[in-house]
Amino acid sequence: MIKINSNIYLRQIDENDMQYLMELRNNSWVKQWFFSDVSITMESQKKWYKQYQANDKDILYLIMSDMQEKIGTVGIGDIDSVNKSVEFGRFVIPDEKWQGRGVGRQVVKRIMKYCFEEMYINRISLEAFEDNHRAVHLYSSCGFVSEGILREKVIKENRYRNLVLMAALRNNYENIAD
């Protein structure tokens, strides 16, 4: 468990979360920001979970309230202990009642702290749709720096979309950490 604040924490997903994860991935608002448009069945969700369990390079967390309400997800993947890098992703808070309250910023900053101070990671990278201005602004405000545009990287709704590649480095984090 990773504490975000007195009301919110992260916990790793488990088998009991499959229904929630399937519904989340099939949510139309969520789908617009994920790279894949594929609808998820319970069978495919369980298959994904078995692969996830066998993979020690990815960690997916549920963002939880102290009232046991599932708020969203956040993950770190492609954990590379040799090069001391991870990829930040699968970050979504779909319910409007949790948006615009600083929860997202707190989650991003806490994941950064966990990666840099507890995992001793040097680099956290991420990819986001270039037109996801809210996410790009959030990441920038937390210390991520744009490293370039991956032009026409993903096909969504029959059109190519650009991704922005961003990263935060340990030495920059140490200079801006609270």
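Residues numbered from 1 in each chain as written. Predicted model: local features only at pLDDT ≥ 70, side-chain atom pairs only at ≥ 80, totals over all residues. Heavy atoms only, no water.

(A) Representation of the sheet that holds strand β5 (residues 85–92). The eight strands lie next to each other as β1-β2-β3-β4-β5-β6-β8-β7, forming an open sheet whose pairing is mixed. Since the sheet does not close on itself, it has two edges, and those belong to β1 (2–3) and β7 (145–156), each with one partner. Two strands pair when backbone bridges link them, and strand β2 (residues 8–12) and strand β3 (residues 59–65) are joined in this way by five bridges, in the antiparallel orientation. Within β3, the position partnered with Ile8 by the bridge is Ser65. Strands in contact with helix α4 (residues 103–118) are β1, β2, β3, β4 (70–80), β5, β6 (123–129) and β8 (159–169); relative to β5, the strand with the most contacts, it is inclined by about 160°. (Pairing = 2+ DSSP bridges. Helix = DSSP H or I, 4+ residues; strand = E, 2+ residues; numbered from the N terminus. Contact = heavy atoms within 4.5 Å. Axes fitted to C-alpha atoms, helices over the stretch in contact; angles between N-to-C directions.)

(B) Examining helix α5 (residues 133–141) more closely. Buried within α5 we find Ala135, Val136, Leu138 and Tyr139. All buried residues of α5 lie within an arc of 160° about the axis, which places them on one face of the element. Among the exposed residues of α5, those pointing more than 90 degrees away from its buried face are His133, Arg134 and His137. Lining the buried residues of α5 we find β5, α4, β6 and β8. Positive phi appears at Gly143, one or two residues downstream of α5, with a value of about 110°. (Buried < 20%, exposed > 50% of the residue type's maximum accessible area, 1.4 Å probe, protein only. Arc of directions from axis to C-beta.)

(C) Seen up close, helix α3 (residues 42–54). An ideal rise of 1.5 Å per residue puts 18 Å on 13 residues; α3 measures up with 19 Å between its terminal C-alpha atoms. Residues of α3 that are buried: Gln45, Tyr49 and Tyr52. Relative to the axis of α3, the buried residues are bounded by an arc of 60° and lie together on one face. Set apart from the buried face of α3 by more than 90 degrees, the exposed residues are Glu43, Lys47, Lys50, Gln51 and Ala54. (Expected span 1.5 Å × (residues − 1).)

(D) Quick peek at the packing of aromatic side chains. Applying the stated criterion across every chain yields a total of eight aromatic pairs. Their ring planes at 85° and their centres at 5.2 Å tell us that Phe35 and Phe129 sit as a pair that is edge-to-face. Here Phe129 lies in strand β6 and Phe35 lies in the loop between α2 (28–31) and α3, a separation of 94 residues in the sequence. Owing to a relative accessible area of 36%, Phe35 belongs among the partly exposed residues under this scheme. Taking the centre distance of 6.2 Å and the plane angle of 50° together, the rings of Phe88 and Phe144 count as tilted. With a gap of 56 residues between them, Phe88 in strand β5 and Phe144 in the loop between α5 and β7 connect regions that are remote in the sequence. If you follow Arg161 out to its NZ or CZ, it ends over the ring of Phe129, 3.8 Å from the centre. (Phe/Tyr/Trp six-rings, centres within 6.5 Å; stacked < 30°, edge-to-face > 60°. Lys NZ or Arg CZ within 6 Å of the ring centre and 35° of its normal.)

(E) Up close: unusual backbone geometry. Even without glycine at this site, Glu157 takes up a positive phi of about 50°. Structurally, Glu157 can be placed in the loop between β7 and β8. Owing to a relative accessible area of 62%, Glu157 belongs among the exposed residues under this scheme. A positive phi angle, close to 60°, is found at Asn158, a residue other than glycine. Mapped onto the elements of the fold, Asn158 is located in the loop between β7 and β8.

(F) View of the pattern of salt bridges. Tallying each qualifying case throughout the model produces 10 salt bridges. A salt bridge links Glu118 to Arg110, with the shortest nitrogen-to-oxygen separation between them at 3.2 Å. Residue classification places Glu118 among the partly exposed residues on the basis of a relative accessible area of 41%. Here Asp131 makes a salt bridge to Arg161, at a shortest N to O gap of 2.8 Å. Of this pair, Asp131 sits in the loop between β6 and α5 while Arg161 sits in strand β8, placing them 30 residues apart in sequence. A single salt-bridge network, built from bridges that share partners, covers Arg11, Asp14, Asp17 and Lys70. (Salt bridge = Lys/Arg side-chain N within 4 Å of Asp/Glu carboxyl O.)

By themselves, these figures tell us nothing about what the structure is for.
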